[in-house]
Every structure is written in C-alpha cells, then in structure tokens.
Amino acid sequence: MAKVFKSIIDVNNYIENACEQAIKAVAERMTEELKSYIQEDFYNQYSPRFYRRSYQLLKSPKYNMLDPKSAEI
C-alpha cells in the first residue's frame, strides 16, 4: 500500500526517519563485520599456551549514533 503524505513536512519527517534507520543498520552491520575480521585475523591465527584469552579486543567494537545523520564505530 502506498504511503500518503498530507504535507511536505510529513515527507521530510518520513525521509529523515528512514535515513536514521538506514544509518543505524549500516553501523550495526559494520560493527559485526569488524568483529568478524578481528576474530578471523587475530583470534583464529593461533591458540595461546600460557594464558587464557579475555576476548576484550573482540568485544570492543561498538557504534554510537552521533545524531540522526551520522554514527561512529
């Protein structure tokens, strides 16, 4: 079903909301990709014999929405 807008402000609000959701989805995806690269390139390279891993590096990637138009990872 098509979305019906009553004013330009409604269109603008809809687009801004869609952009914010898209940026959040990309930030989440990039965070998961970063975790995957850390797992593959660091943790899967060898198994330590003398210490137990804390996996802090693997747990460290996070994202933060700076505003509705940008995020940092």
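See the structure printed just above.
The rules behind the values
Residues numbered from 1 in each chain as written. Predicted model: local features only at pLDDT ≥ 70, side-chain atom pairs only at ≥ 80, totals over all residues. Heavy atoms only, no water. Phe/Tyr/Trp six-rings, centres within 6.5 Å; stacked < 30°, edge-to-face > 60°. Buried < 20%, exposed > 50% of the residue type's maximum accessible area, 1.4 Å probe, protein only. Lys NZ or Arg CZ within 6 Å of the ring centre and 35° of its normal. Pairing = 2+ DSSP bridges. Helix = DSSP H or I, 4+ residues; strand = E, 2+ residues; numbered from the N terminus. Salt bridge = Lys/Arg side-chain N within 4 Å of Asp/Glu carboxyl O.

Peer 1: What should I look at first to understand the packing of aromatic side chains in this one?
Peer 2: Each aromatic ring pair is characterised by the separation of its centres together with the angle its planes make. Inspection of the entire model under this criterion finds three aromatic pairs. The interplanar angle of 85 degrees and the centroid separation of 4.9 Å between the aromatic rings of F42 and Y43 together place this pair among those described as edge-to-face. Classification of Y43 by relative accessible area gives buried; the value is 8%. Three or more aromatic residues joined by ring pairs make a cluster, and in this case those are F42, Y43 and Y55. A cation over an aromatic ring shows up here: R53 above the ring of Y46, its NZ or CZ 4.9 Å from the ring centre.

Peer 1: What exactly am I supposed to notice about the pairing of strand β1 (residues 64-67) here?
Peer 2: In this sheet, strand β2 (residues 70-72) lies alongside β1 in antiparallel orientation, the contact comprising three bridges. Across the sheet, the residue bridging to M65 is A71, located in β2.

Peer 1: Before we go on, may I ask you to explain the pattern of salt bridges in this structure?
Peer 2: Opposite charge on two side chains makes pairing possible when the charged atoms of those side chains draw close. One pass over the structure, following the stated rule, counts two salt bridges. Linking R29 and E33 is a salt bridge whose minimum nitrogen-to-oxygen distance equals 3.3 Å. Placement of the pair is R29 and E33 together in helix α1 (residues 8-41), with a separation of four residues, close to one helical turn. Taking relative accessible area as the criterion, R29 reaches 52% and is therefore assigned exposed. Since its relative accessible area comes to 26%, E33 is described here as partly exposed. As a salt-bridge pair, E32 and K35 come within 3.9 Å of each other at their nearest N and O atoms. Placement of both E32 and K35 in helix α1 is noted, with a separation of three residues, approximately one turn of the helix.

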